[in-house]
Amino acid sequence: MYIWPYTVSAVVCHVCKCVLVLYLQFYNEQEAKKYSQNSRMIEIQTQMSERAVELLSLPEDQPCYLLDVGCGSGLSGDYLSEAGHYWVGVDISTAMLDVALQRDVEGDLLLGDMGEGLPFRPGMFDGCISISALQWLCNADKKTHSPPKRLYRFFSTLYSSLARGARAVFQIYPENSEQLELITAQAMKAGFTGGMVVDYPNSSKAKKFFLCLFAGVSGVLPKGLCSESTDRGVSNQAQFTAQRSRFKNMKGKSVKKSKDWIMEKKERRRRQGKDVRADTKYTARHRKPRF
């Protein structure tokens with residue numbers, strides 16, 4: 001894994017000059033570690049990442065190359081890796097990216113301000129997700145910052161970096177309807193089609209906004225979820241079964257930290273050309289605690 005400075009294109013981003021002040025002040029080194037170790041935040045981030053990937057409508061059983069904008073410490077990237085995809089993460093916070101390095105995430109990391117545009121070659125990615133990051137571009141933290149211009153610069157360079165027919169899904173927390181209109185208008189100006197998908201619109205706590213955009217080819221906007229118990233196929237009554245699911249969870253994925261999960265992760269890294277220790281009879285064996 002690598003951290004690239006944001007100097008890949010002709011646009012050079014000096015982080016101290018282009019920072020989003022509120023974000024960087026809040027997610028300092030201490031807060032970044034707390035965020036990445038909070039079990040509740042990890043659960044929420046994973047759920048939203050899963051929903052975002054679902055809205056991307058990627059080909060089944062086929063690894064894709066995805067962009068994670070505002071990747072932070074790599075929590076959403078963990079889900080992408082477990083789903084079998086390759087990814088590149090972009091974030092403006094060095095503290096968050098340092099934590100991602102310490103966590104040894106499988107994606108590549110890029111330090112930079114998305115409001116300055118993305119430095120990737122045309123058609124590079126099969127899709128893009130972003131969890132709780134896009135709304136930061138609506139803030140004017142310096143006199144030289146123009147939210148409409150920064151949003152347009154981001155969307156126009158993102159449009160170029162996506163393969164035709166690809167999707168970009170942004171989970172956002174808009175402050176008001178004006179922010180929604182501003183974000184959507186700049187995305188459409190950059191060439192995207194699509195719109196807003198709202199999950200659980202009648203719930204004050206579970207309500208989530210997903211901006212679903214299509215690059216190059218207009219698609220049918222997915223429907224939002226209306227009921228937490230019915231839309232995801234989850235019954236609101238208890239169910240009992242005699243079947244044991246020791247190594248797999250309900251979605252067929254290996255339980256995290258289990259032997260199957262570790263073996264799958266090692267195999268993914270081998271396919272990526274990374275150095276991986278050979279498998280032995282001690283691989284994934286639980287060690288007894290030392291006193």
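Before any of the text, the structure's been laid out above.
Summarised in this report is the structure supplied together with it. All of these numbers come straight from a predicted model, not from anything done at the bench.

**Let's talk about the environment of Lys266**
Here's step 1: The residue Lys266 is located in helix 9 (residues 259-271) in this model.
Here's step 2: For the pair Lys266 and Asp279, spaced 13 residues apart in sequence, the C-alpha to C-alpha distance is 9.0 Å.
Here's step 3: Among all residues touching Lys266, those that are not within four sequence positions of it are Val276, Arg277, Ala278, Asp279 and Thr283.

**Structural notes on the nonpolar core**
Here's step 1: Ranked by size, the top nonpolar core spans 34 residues in total, and within it Leu67, Leu134, Phe154, Phe155, Leu158 and Phe170 carry the most contacts.
Here's step 2: Secondary structure elements with two or more residues in this core: strand 2 (65-69), strand 3 (86-91), strand 5 (125-131), helix 7 (147-161), strand 6 (162-172), helix 8 (177-189) and strand 8 (208-214).
Here's step 3: Judged by nonpolar contacts, the second largest core, of 24 residues, contains Cys64, Leu80, Leu111 and Val169.

**Considering helix 5 (residues 75-82)**
Here's step 1: Counting buried positions along helix 5 yields seven of eight residues, so the element is predominantly enclosed.
Here's step 2: Regarding helix 5, the residues found buried are Leu75, Ser76, Gly77, Asp78, Tyr79, Leu80 and Ser81.
Here's step 3: Positive phi shows up at Gly84, right after helix 5, with a value of about 90 degrees.

**A word on the side chain of Gln135**
Here's step 1: Inspection of the secondary structure assignment puts Gln135 in the loop between strand 5 and helix 7.
Here's step 2: A relative accessible area of 14% means that Gln135 is categorised as buried.
Here's step 3: Not counting chain neighbours up to four residues away, the residues in contact with Gln135 comprise Gln171, Ile172, Tyr173 and Gln179.

**Side note on the pattern of salt bridges**
Two side chains bearing opposite charge may form a pair once their charged atoms approach each other closely.
Here's step 1: Here the structure, examined in full by the defined rule, presents seven salt bridges.
Here's step 2: For Arg103, the salt bridge goes to Asp78, with nearest N and O atoms at 2.2 Å. With Arg103 in the loop between helix 6 (94-102) and strand 4 (108-111) and Asp78 in helix 5, the pair connects residues that are 25 residues apart, well separated along the chain.
Here's step 3: Residue classification places Arg103 among the partly exposed residues on the basis of a relative accessible area of 28%.

What counts as what
- Residues numbered from 1 in each chain as written.
- Predicted model: local features only at pLDDT ≥ 70, side-chain atom pairs only at ≥ 80, totals over all residues.
- Heavy atoms only, no water.
- Helix = DSSP H or I, 4+ residues; strand = E, 2+ residues; numbered from the N terminus.
- Contact = heavy atoms within 4.5 Å.
- Core = buried A, V, L, I, M, F, W, Y, C linked by side-chain atoms within 4.5 Å.
- Buried < 20%, exposed > 50% of the residue type's maximum accessible area, 1.4 Å probe, protein only.
- Salt bridge = Lys/Arg side-chain N within 4 Å of Asp/Glu carboxyl O.

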